[in-house]
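# Descriptive structure summary
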Amino acid sequence: MGSEGKILNVFSHGILVVWGLLVTLPLLWAVMSSLKTDKQIFTSPWGLPSALHFDNWSRAWSKSNIGDFFLNTILVVGCSLIGTMLLGSMAAYILARFEFPGKRFIYFMFVGGMSFPIILALVPLFFVMKNMSLLNTFHGLILVYIAYSLPFTVFFLTSFFKTLPSSVAEAALIDGASHTRTFFQVMLPMAKPGLISVGIFNFLGQWNQYMLPTVLNTDEDKRVLTQGLVQLAASQQYKGDWSALFAGLVLAMLPVLGVYILFQRQVQAGLTAGALK
Amino acid sequence: MQHGKYRFIAGFLALPVILYAVFVISPFVQAVYYSFTDWTGLSSDFKMVGFKNYDWLLHDDLFWKAVGHNVVLLLVVPLVTLGLGLFFAFMLNVGGRGRKNAAVSGVRGSGLYKVIYFFPQVLSIAIVALLFQFTYNPRNGAINSFLDGVGLDSLQQQWLADPKLALWCLMAVMVWSNVGFYVVLFSAGMSSIPRDFYEAALLDGANRIKTFFKITLPLLWDTVQTGWIYMGIIALDAFAVVQIMTVGPGGPADSTQVMGYYVYTKTFHDGQAGRATTIGVAMLIVTLIFAVIVTRLGRRERLEY
């Protein structure tokens, strides 16, 4: 290694480490604050906690309802994800492998939804939901999550199904399998890598969704994690229970960060697959 | 057989298409329709008012203020985010010249950097916004107390409460949460560029900066362009950061008002759903103009490799 390379390496690492710190320090600061007493948060914001006050976490979990928000989110995202993947792959399969009148129209109708600002649709959507008595219900929110996840899911899976060899499906059909059976028993298993990528993308998108529940789901008992936490913050800051707030924030961050660290390769690939097209 | 095929097609498409039409297409179409009405959003009666809302919009100071902020967001946030993303990705992939006798190589531990940089991307923007609301807090926030700790207390600010700073604070958060995504995205693109391109350039005496602009950037251009559109849509939205981080509605002295949030307050606070959808339509137009400009600017000869 020449001296030029050495200096450059030090320089490169220096800059890279600075950004690494900028990313991690706010997160670490939040974790530290979540383990302090309120007094410590104010007197020594950057100091280490004197003792690990995990009672903040349990207070946030039960008294500040973070636990309930979690369960709501798991329910909504679980159902939405299954629905999105099922309906999305069904539509994508048809659009990728069958010829019929109006096919291009349906495809562009789905794909067009990716480029419009959701906030524009949100106001009429609120009233569509109201008229169908779907406001403030879990099933209403699930249907909306599915509908707004379809554009990308259909777009991604259509191109994926196109890459799969058609000979296998044809063989299954000749053997007497119905179209439906061919889809579920032959094509879906073959599409697994694509389903995983788009599944991760949708899971994070739906788990992290904020604007849709904020507008369509204002019932206190039905809040999902993100909106619950934000509303909690608005009310708790006046009460001054900062330690529980930090604890709630950390509790909300830990599961996704944990999942990400375990599956970072798949998560990175799944999320960037969307932009690469 | 043919009959069975069409029944199958209809059976598989029916549910997704209906769901999509009811919850996505119909609201978008209705939004355009409502923008020509005086609908309050509270009652079901309204009448057509022609272009009155659009006329109002042209003369509404707050709307133009919001547009101005969106334009700033649109220029600054993608530029800084993509710039940093390219810079870090280049260092990770080409920054460690001289290792393992290869002419170009990534720095050691580039995988770890990518894992860490990507952290914010998996967090909800709502959670990120909350985290930074705490971080910016003038009394016990991380930033002011850090400045105090290192003896730079003269630099302490009322970050989010200062109309001159609030928008910049939001932009910093948007950059913070998105850079990692582009580092990973551009890294993937850069790693597929053949090594001998760099080696040939180095033999010709090109330095690192030159190789970046002559080789890396042109070959990555398509990805950069897609990234620019993605980032632009995020910058045009900015709903969550504005709603969560700055005192409302729209920050101190409307200094962080953006179109997306203005639509929200017009509907749910002011009861002017008709006008709100007009703002939404304006936002759509800005988005389309932006997309057209980016695609036009980016149209250049495709480089095959």
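Treat the numbers as computed from the prediction; the structure is a model and nothing was measured.

## Structural notes on the interface of chain B and chain A
- In this complex, chain B contributes 90 residues to the contact, which on the side of chain A involves 92 residues.
- Applying the counting criterion to the chain B and chain A interface returns zero salt bridges.
- For the pair chain B and chain A, the interface holds 14 residue pairs in polar contact (both at pLDDT 80 or more).
- Examining the composition of the side of chain B that touches chain A, we find that 22 residues originate from one element, helix 1 (residues 2-34) of chain B, more than from any other.

## Describing the environment of proline 78 of chain B
Residue and element names in this part refer to chain B.
- Summarising the element assignment, proline 78 is placed in helix 3 (residues 61-94).
- Judged by relative accessible area, which is 0%, proline 78 ranks as buried.
- Note: C-alpha distance between proline 78 and methionine 231 (153 residues apart in sequence) is 5.4 Å.
- When residues no more than four places from it in sequence are discounted, the contact partners of proline 78 are Leu73, Gly83, Trp228, Met231, Gly232 and Ala235.

## What to know about the confidence of the model for chain A
- Across chain A, pLDDT averages 89, with 96% of residues at or above 70.
- Per-element confidence in chain A ranges from a low mean pLDDT of 81 for helix 14 (residues 264-276) of chain A to a high of 96 for helix 4 (residues 66-97) of chain A.

## Considerations on the nonpolar core
- Core analysis: the largest hydrophobic core is formed by 196 residues, its most contacted members being Ile66, Leu125, Phe161 and Leu216 of chain A together with Phe186, Val241 and Met245 of chain B.
- Residues lining this core come from more than one domain, with at least three contributed by each of domain 1 (1-35) and domain 2 (51-298) of chain B.
- Residues within four places of valine 241 of chain B in sequence aside, it is in contact with Ile125, Ala129, Leu170, Val173, Met174 and Thr246 of chain B.

## Here's the deal with a nonpolar patch on the surface
Residue and element names in this part refer to chain A.
- Among the surface-exposed residues, Val17, Leu21, Leu25 and Leu28 lie close enough to one another that they form a single nonpolar patch of about 320 Å² accessible area.
- Within the secondary structure, leucine 25 sits in helix 1 (residues 3-34).
- Overall, leucine 25 belongs to the partly exposed group, its relative accessible area being 33%.

## Thoughts on the UniProt feature "transmembrane region" (unreviewed entry) in chain B
- The UniProt record annotates "transmembrane region" (unreviewed entry) at residues 12-36, 71-94, 115-136, 165-185, 228-253 and 273-294 of chain B.
- Spanning residues 273-294 of chain B, this segment combines 100% helix with 0% strand, and its end C-alpha atoms are found 31 Å apart.

## Some remarks on the packing of helix 3 of chain B against helix 10 (residues 208-237) of chain B
Residues and elements named next belong to chain B.
- Contact geometry of helix 3 with helix 10 gives a least axis separation of 9 Å together with a crossing angle of 140°. Looking at the two axes, helix 3 sits oblique to helix 10. Our pair here, helix 3 against helix 10, has a crossing hand that is right-handed.
- Here the contact of helix 3 with helix 10 is composed, by residue class, of 17 nonpolar, six polar and one charged.

## Focus: the packing of helix 4 of chain A against helix 9 (residues 179-190) of chain A
All names here are of chain A.
- Remark: helix 4 packs on helix 9, axes separated minimally by 12 Å, with the N-to-C direction vectors making an angle of 95°. Considering their axes alone, helix 4 and helix 9 lie roughly perpendicular with respect to each other. Of helix 9, the residues touching helix 4 (which contributes Leu86, Ser89, Met90, Tyr93 and Arg97) are Thr182, Phe183, Phe184, Met187 and Leu188.
- Of the residues assigned to the contact of helix 4 with helix 9, the class counts are seven nonpolar, two polar and one charged.

Criteria and cut-off values
- Residue positions are given per chain, counting from 1 as you read along its sequence in written order.
- All chains are assigned letters beginning with A, and all ligands numbers beginning with 1, in the order in which they are written.
- For this predicted model, a pLDDT threshold of at least 70 governs which residues receive local features, and a threshold of 80 or more governs which side-chain atom pairs are given and counted, while totals over whole chains, interfaces and linings are taken from all residues.
- Just so you know, side-chain values use all the structure's heavy atoms and leave hydrogens and water out.
- Throughout, a residue-residue contact means that at least one pair of heavy atoms, one from each residue, lies within 4.5 Å.
- Put simply, a salt bridge is a Lys or Arg side-chain nitrogen that is within 4 Å of an Asp or Glu carboxyl oxygen.
- Any pair of nitrogen or oxygen atoms within 3.5 Å is treated as a polar contact; in protein, a donor-acceptor pairing is required on top of that, and neighbouring residues in sequence qualify only through side-chain atoms on both sides.
- Per the convention used, a helix needs a DSSP run of H or I reaching at least four residues, while a strand needs a run of E reaching at least two, with both numbered from the N terminus.
- Only protein chains enter the accessibility calculation, which uses a 1.4 Å probe. A residue is then buried if its area is under 20% of the maximum for its type, exposed if over 50%, and partly exposed in between.
- The predictor rates its confidence in each residue with pLDDT, a number between 0 and 100.
- Residues enter a nonpolar core if they are buried and are Ala, Val, Leu, Ile, Met, Phe, Trp, Tyr or Cys, with the set joined through side-chain atoms within 4.5 Å.
- Bear in mind that the domain bounds are from an automatic or database domain assignment.
- Here, patches come from residues exposed beyond 30% relative accessible area and free of salt bridges, joined within 9 Å for like charges and within 5 Å for nonpolar side chains (Val, Leu, Ile, Met, Phe, Trp, Tyr).
- A 1.4 Å probe and the Shrake-Rupley method give the accessible areas. Residues count as covered only by the protein chains that appear here.
- UniProt positions are given in the numbering used here, feature names are shortened, and annotations may be inferred rather than shown by experiment.
- The axes used here are C-alpha line fits, helices contributing only the stretch in contact, and every angle between their N-to-C directions lies in the interval 0 to 180 degrees.
- An angle below 35 degrees is read as roughly parallel, one above 145 as roughly antiparallel, one from 65 to 115 as roughly perpendicular, and any other as oblique.
- A clockwise turn of the near helix away from the far one marks a right-handed crossing, whereas an anticlockwise turn of less than a right angle marks a left-handed crossing.
- For this classification, the nonpolar set comprises Ala, Val, Leu, Ile, Met, Phe, Trp, Tyr, Cys and Pro, the charged set comprises Asp, Glu, Lys and Arg, and every other residue, Gly included, is treated as polar.

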